[in-house]
Amino acid sequence: MAHVGVPRGTARKRRSVALLATGVLTLPVLAGCTSDSEGPTPVAVPQDIAPASRDRVADGSTLTWAIDAVPATLNAYQADADSATTRITGALLPSLFPLDARGEPKLNPDYLESAKVIEQEPKQVVLYKLNQQAVWSDGREIGAPDFVAQWRALSGKDSAFWTARNAGYERIEKIERGKDDLQVRVTFSKPYADWRSLFSPLYPKEVTGSPGTFNDGARATLKNTAGPFRLRSVNKDKGTVVLDRNPRWWGNEAKLESLVFRAVEPKDRTDALTAGTVDVADIDATTANGIALAARYRGGNGGPPAHGPGADITPAAALRSWALAHGSDEEAAEAAQLAREKNREAVAVYAAEQKSLQGFVVRKSLEPAYTQLAMNGESGALSDDRVRRAIARTLDRQELADAVLKPLGLPAKPPGSHLALAGQPAYKDGSGALGDQDTKEAQALLADAGWTVGGAVRRTEDTKAGSEAEKKASGEATDKPSAKATDKASGKATDKASAKATDKASEKAAEKEEKGEQEEDDKASREEGTYIVGDDKPGDGPAGTGVTAQDKGPAGAYAPAGTPAPAPASVKARIGKGGKPLTLRFVLPSGPGSQPLRTVGQKIVEMLDSIGISTQITKVDDESYFKDHIASGDYDMALYSWPATAYPATDGRPIFSKPEPATDGSLLVEQNYTRVGSDHIDQLFDRAVSELDANASRDLLKQADARIWAAAGSIPLYQRPQLVAVDKKLANIGAFGFAAPRYEDIGFTGRQAAGSPANRKK
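For this particular structure, what's the right way to read the packing of aromatic side chains?
Here the distance between the centres and the angle between the planes together describe a pair of aromatic rings. Within this structure, the stated rule accounts for 18 aromatic pairs. Relative to Trp195, the ring of Phe97 lies with its centre 5.8 Å away and its plane at 85°, an arrangement referred to as edge-to-face. With Phe97 in the loop between α1 (83–89) and β2 (112–119) and Trp195 in the loop between β5 (183–188) and α3 (205–208), this pair connects stretches of sequence that are 98 residues apart. Note on Phe97: relative accessible area 7%, which makes it buried. Ring centres 5.3 Å apart and planes at 90° place the aromatic pair Phe626 and Tyr673 in the edge-to-face group. Of this pair, Phe626 sits in helix α18 (residues 622–630) while Tyr673 sits in the loop between β19 (667–668) and α21 (679–689), placing them 47 residues apart in sequence. Tyr673 shares its class with Phe626; the two are buried. Grouped by ring-pair contacts, the aromatic residues Phe97, Tyr128, Phe147, Tyr169, Trp195 and Phe199 constitute a single cluster.

Encoded structure:
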C-alpha cells in the first residue's frame, strides 16, 4: 500500500560535481567511532508469511494481489517507476542478489553459479558465472550481451536514455565476455563496494539496447522475461496486470497457475476484501482491526450479534419491539415492523461481510522503512543547528513509536540509525551523538542560540509606543508618539483600553465557546488548511499570545454558559528573539490514510509547546504533500519515510549529501530535502562506497551516521508497520519484512475451486 512521503522505489542517484570547500562539523568525540565492542547486533522483527514447504502447497489456482494502481512503466530504471513496478518485475526478471530476512543480499542460484571480486589491483574486477540453464522466455540464453547493453543504457554517458539512476554503473570501465557468454567480466574504473546492487533487475538486451526501446518499449509490456512467471496482459481500463507460468522457467515450477495484480486504492481495500475480489492486500490499522473484529463475530444463534447492527439491542428492547409489531395499534405496529425488517436486513448484510472477512488473517511485521521528523535547515531558525538539536532533544521518540506500533502489537524500539535498521549488519545505534531526551539541555541550546523565555516581548524602546491593537482601542491618532507619551499611555489610557479590549475578547471567546465554531476561522481553515498551536492567527494581537497546548484543556470540554473564556497564555511563556516568537510551520498530509502521521505530529506539537515553541500546522492533500512541499522545501518540519537498503553507501549518499548552490542561486539538493549536510559526511560516504573490505566500509558508514545524528536535520522516529491481509489458505506470502518474495513458492495449501479464487460469494 502506498504511503505518504518518499516511495519505496526511490531512485538511486549519485552526485557528479565537486564538494563544497566549507567547514566540517566538529565532533571530536565521534572521531573514534568504530564497530568495536558493540555487543550483539539487534535482531530484526521476523517476517510473517505462513511458511510452508512446497509439498504442502497445491499446484494450480490464481491469486489476486492488490496494488495501488497499474504502474505507469514496467521499466524499473525510469523516474515514474513505483512499488507496483518493483512488485511485478520481481516475478518476471532476474534479480541476481535478492535480500534475505536480515536485509542482506544473497546470491540467487537460479541465475548465478558464482559472482565474486577476482582482482582488486590495479582495478577491481568482478567475474559473474551464469547458470547454464538460465534463458529468456524466447529461448535465448542470458549472457554477456545483456550485461553490456544494460551498462551502456545506465552509465549516464548517453543522455538519449531516459534513466532515473546510474548509481554504480558510472564506475564501470568495461564489460567483457569470459570463456563464453555465460562468463561476464566487469572491470571498474574506481572501486565499488556495492557491486552486488548492479544488474538487478536485469533486462534483456532487446529492452536496453537502444534509447527507443529503453524509453518506450518496456513501459506497458515486457515481451521477453526470465522469471517463474511471464507477462500475459496489462489492462489499465480494468486495472489489472496478469501473469502466468513461464513454460521456459528452469527453476522450481511456480505453484500458482496465474498471478493477477489488481488496482485497488487503499481506501477501498476493506470493500475489496469483503467482496472477495482480492486475496492479498496491504492494509491500514483500521482494516486490520476490522478483520480482528470479524474473527470474534458470532450471529445467528438466537441471541444478539457480538457487534455491528443489532448488537446494542437488549432482550427487553427486543421484547418491546416484538410487542409493538404485533400490537393492536396498527400505526405503531407498522412502524415497528418496518424498523425490525430494516434491522434484519442490516444484520444480514453485516453478517455476510463479517463472514467474508473471517476468511482472512492479518500478517504483520515491520516494514523496511522508517518515518522521520525532517527539519528544513535551508533558512530561518532551523538553519541554526542548535535549534534543530534542541527540538530533537525535546522529543520523546519512545512515546511516538509507542503511539504507532504498540496498538498493533509490534515492537516499538525507535531506530538508532539513518542508514540501516535493526538486524542489518550495518546497524549501530548512533543516536548518542545527538543525546537523549533532555528538556533542560534543549532549553540551554535554544538560549545559546538567542531564543529565550520572554524573548518574544517587544521592547517599547525598540518599537512604536503600544501595539496597533492598543492604538485602535484608545483612539490614538498619533503616528509616532514619544517615549514620554508612551509612559502616560501605559499608565492610564492604555490600561483602560487594554481592559476594554480584554473584556471584548473574553466576550467574543465565550460566544465562540457557546457556538462551538467560528465562521472566520473555519473559512481560513478551509482556504489555508492551517491551525496554529501556541499563537493566534497572524496579526491578531501581540506575537506569542495564542492558545497553547496547556491552555486548551480537555478536548471537547465546554464551560457553563456565561463563564468567561480563559485568558490566553502570556507572551512570556513563549520563547523568542528580538520580540519575535519562535514559530515553526509543520506540514502534514490530510488524507484518511495519513492519520498515524497526524497523530504523531500532534504529539510533537505538544512536546515543543512544553518548551515554548509555537507550531503552525498546515494540512495539505496527500497528492501534493511530497511534490509541492517536501521536495520543494515549502515547510519547516514534516514527517515522511525513507526505505531501508542493503546498500547504504550508495543509496544514503544522495539523501544526506550536502546541498550545492546552482548558478541561479537555488540549491541542488538531490534527495536531501532537509537541506542539512556537511563535507565530512560526504567524504565518509565516498570512502565507504570505495572500500571493498565489508567491515571497514560499515565502520565508515557508522561514523557518517553519527554525524548525521549530530547535524539533526533528520530524526528517525519509528520503523513503519507492515500489515497485510491474506487469505487464510495461502502460504509463503504476507508481511515479508526485508526479504524478497519467492513467487514460485506462493500458493494455497488447499486447492481452490474452479474460477476466480477471490470469489468466495459465488
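Whenever I open this one, the packing of helix α10 (residues 397–405) against helix α17 (residues 595–609) confuses me. Can you help?
For any two helices packed against each other, one specifies the inter-axial angle together with the distance between the axes. One can describe the packing of α10 onto α17 by two numbers: an axis separation of 10 Å at closest approach and a directional angle of 155°. Here α10 lies roughly antiparallel to α17, going by the angle between them. The handedness of the crossing between α10 and α17 comes out as right-handed. Mapping the contact onto sequence places Glu399, Leu400, Ala403 and Val404 in α10 and Val600, Lys603, Ile604 and Met607 in α17. When grouped by side-chain class, the residues that make up the contact of α10 with α17 number 6 nonpolar, no polar and 2 charged.

Teacher, can you tell me more about the environment of Thr277 here?
Looking at the element boundaries, Thr277 is found in the loop between α5 (269–275) and β9 (280–282). Owing to a relative accessible area of 32%, Thr277 belongs among the partly exposed residues under this scheme. Distance from Thr277 to Arg262, taken between C-alpha atoms, is 8.7 Å for residues 15 residues apart in sequence.

How do you make sense of a negative patch on the surface when you look at a structure like this?
A contiguous patch of negative charge, built from Asp329, Glu330, Glu331 and Glu334, is present on the exposed surface. Its place among the elements puts Glu331 in helix α8 (residues 330–357).

Could you clarify how one ought to interpret helix α9 (residues 385–394) in this entry?
Think of an α-helix as turning once every 3.6 residues; residues three or four places apart then point the same way. The buried fraction of α9 is high, at 7 of 10 residues. Those residues of α9 that sit buried are Val387, Arg388, Ala390, Ile391, Ala392, Arg393 and Thr394.

What am I meant to see in helix α2 (residues 144–154) here?
Counting buried positions along α2 yields 9 of 11 residues, so the element is predominantly enclosed. Among all positions in α2, only Ala144, Asp146, Phe147, Val148, Ala149, Gln150, Trp151, Ala153 and Leu154 are buried. Where the residues of α2 are buried, they touch β3 (125–130), β4 (172–177), β5, α3 and α4 (211–217). One or two residues past the end of α2 sits Gly156, with phi positive at roughly 85°.

Would you take a moment to explain the pattern of salt bridges for this structure?
It is possible for side chains bearing opposite charge to pair when their charged atoms get close. For the structure on display, the rule yields 30 salt bridges. Among the ionic pairs, Glu367 bridges to Arg720, the shortest N-O distance being 2.8 Å. You can see Glu367 sitting in strand β10 (residues 360–375) and its partner Arg720 sitting in strand β20 (residues 714–727), a full 353 residues away along the chain. For Arg720, a relative accessible area of 7% gives the class buried. Overlapping salt bridges bring together Arg54, Arg742, Glu744 and Asp745 as one network.

Looking at this model, I keep getting lost on the sheet that holds β3. Mind explaining?
Hydrogen bonds along the backbone pair up the strands of a sheet, which may run parallel or antiparallel. Strand order in the open sheet formed by 4 strands is β2-β3-β5-β4, with antiparallel pairing between adjacent strands. Each having just a single partner strand, β2 and β4 make up the two edges of the open sheet. Between one strand axis and the next, the sheet turns through 15° on average, direction left out of account. Relative to β5, β4 is paired through 5 bridges, and the arrangement is antiparallel. Looking at the pairing, Ile172 lines up with Phe188 of β5. α2 contacts β3, β4 and β5 of the sheet and is inclined by roughly 160° relative to β4.

Please clarify how unusual backbone geometry should be interpreted in this entry.
Negative phi values dominate among residues other than glycine, just as trans dominates among peptide bonds. Along the chain, Glu121 connects to Pro122 via a cis peptide bond; the corresponding omega equals 0°. Considering the arrangement of structural elements, one finds Pro122 in the loop between β2 and β3. With omega at 0°, the peptide bond leading from Ser200 into Pro201 counts as cis. Residue placement: Pro201 occurs in the loop between β5 and α3. A positive phi angle, near 50°, is found at Ala50, a position not held by glycine. Tracing the sequence through the fold places Ala50 in the segment before β1 (62–67).

For this particular structure, what's the right way to read the sheet that holds strand β13 (residues 575–577)?
Ordered in space as β11-β13-β14, the 3 strands form an open sheet in which the pairing is antiparallel. Pairing within the sheet leaves two strands with one partner each, and these edge strands are β11 (452–453) and β14 (580–581). Of the strand pairs in this sheet, β11 and β13 are connected by 2 bridges, and their pairing is antiparallel. Note that in β13 the partner of Thr452 across the bridge is Gly576.

Mind showing me how you'd approach the side chain of Arg140 here?
When you line up the elements, Arg140 lands in the loop between β3 and α2. A polar contact of 3.1 Å, which involves the side chain of Arg140, links it to the side chain of Glu206. Excluding its chain neighbours within four sequence positions, the residues that come into contact with Arg140 are Val135, Asp146, Pro204, Lys205 and Glu206.

What exactly am I supposed to notice about the environment of Leu608 here?
Tracing the chain through its elements places Leu608 in helix α17. Along the sequence, Leu608 and Thr394 sit 214 residues apart, while their C-alpha atoms lie 6.7 Å from each other. Non-local contacts of Leu608, meaning those with residues more than four positions away in its chain, are made with Ile391, Thr394, Ile613, Thr615 and Met637.

Which parts of the structure should I look at to understand the packing of α21 against helix α22 (residues 694–711)?
Interhelical geometry of α21 versus α22 gives an angle of 165° and a closest axis separation of 8 Å. Viewed along their axes, α21 and α22 adopt a mutual orientation that is roughly antiparallel. Helix-helix and strand crossings are classified by hand; for α21 and α22 the assignment is left-handed. On α22, the residues that touch His680, Ile681, Leu684, Phe685, Arg687 and Ala688 of α21 are Ser697, Leu700, Leu701, Gln703, Ala704, Arg707 and Ile708.

Is there a simple way to explain the pairing of β1 in this structure?
If a strand is regular, its side chains alternate between the two faces of the sheet. Across the 6 residues that make up β1, a large majority, 6, are buried. Residues Thr62, Thr64 and Ala66 point to one face of β1 and Leu63, Trp65 and Ile67 to the other, with burial holding for every one of them. Here β1 pairs with strand β8 (residues 258–263) via 6 bridges, running parallel. Directly across from Ala66, in β8, lies its bridge partner Arg262.

Rules used throughout
- Residues numbered from 1 in each chain as written.
- Predicted model: local features only at pLDDT ≥ 70, side-chain atom pairs only at ≥ 80, totals over all residues.
- Heavy atoms only, no water.
- Phe/Tyr/Trp six-rings, centres within 6.5 Å; stacked < 30°, edge-to-face > 60°.
- Helix = DSSP H or I, 4+ residues; strand = E, 2+ residues; numbered from the N terminus.
- Buried < 20%, exposed > 50% of the residue type's maximum accessible area, 1.4 Å probe, protein only.
- Axes fitted to C-alpha atoms, helices over the stretch in contact; angles between N-to-C directions.
- Parallel < 35°, antiparallel > 145°, perpendicular 65-115°, else oblique.
- Left-handed = near helix turned anticlockwise from the far one by under 90°.
- Contact = heavy atoms within 4.5 Å.
- Nonpolar A, V, L, I, M, F, W, Y, C, P; charged D, E, K, R; others polar.
- Patch = residues over 30% accessible without salt bridge, like charges linked within 9 Å, V, L, I, M, F, W, Y side chains within 5 Å.
- Areas by Shrake-Rupley, 256 points an atom, 1.4 Å probe, with all protein chains shown as cover.
- Salt bridge = Lys/Arg side-chain N within 4 Å of Asp/Glu carboxyl O.
- Lys, Arg positive; Asp, Glu negative; His and termini not counted.
- Charge placed at Lys NZ, Arg CZ, Asp CG, Glu CD.
- Pairing = 2+ DSSP bridges.
- Polar contact = N/O pair within 3.5 Å; in protein donor to acceptor, adjacent residues only side chain to side chain.

Just distances and angles here, no functional claims.
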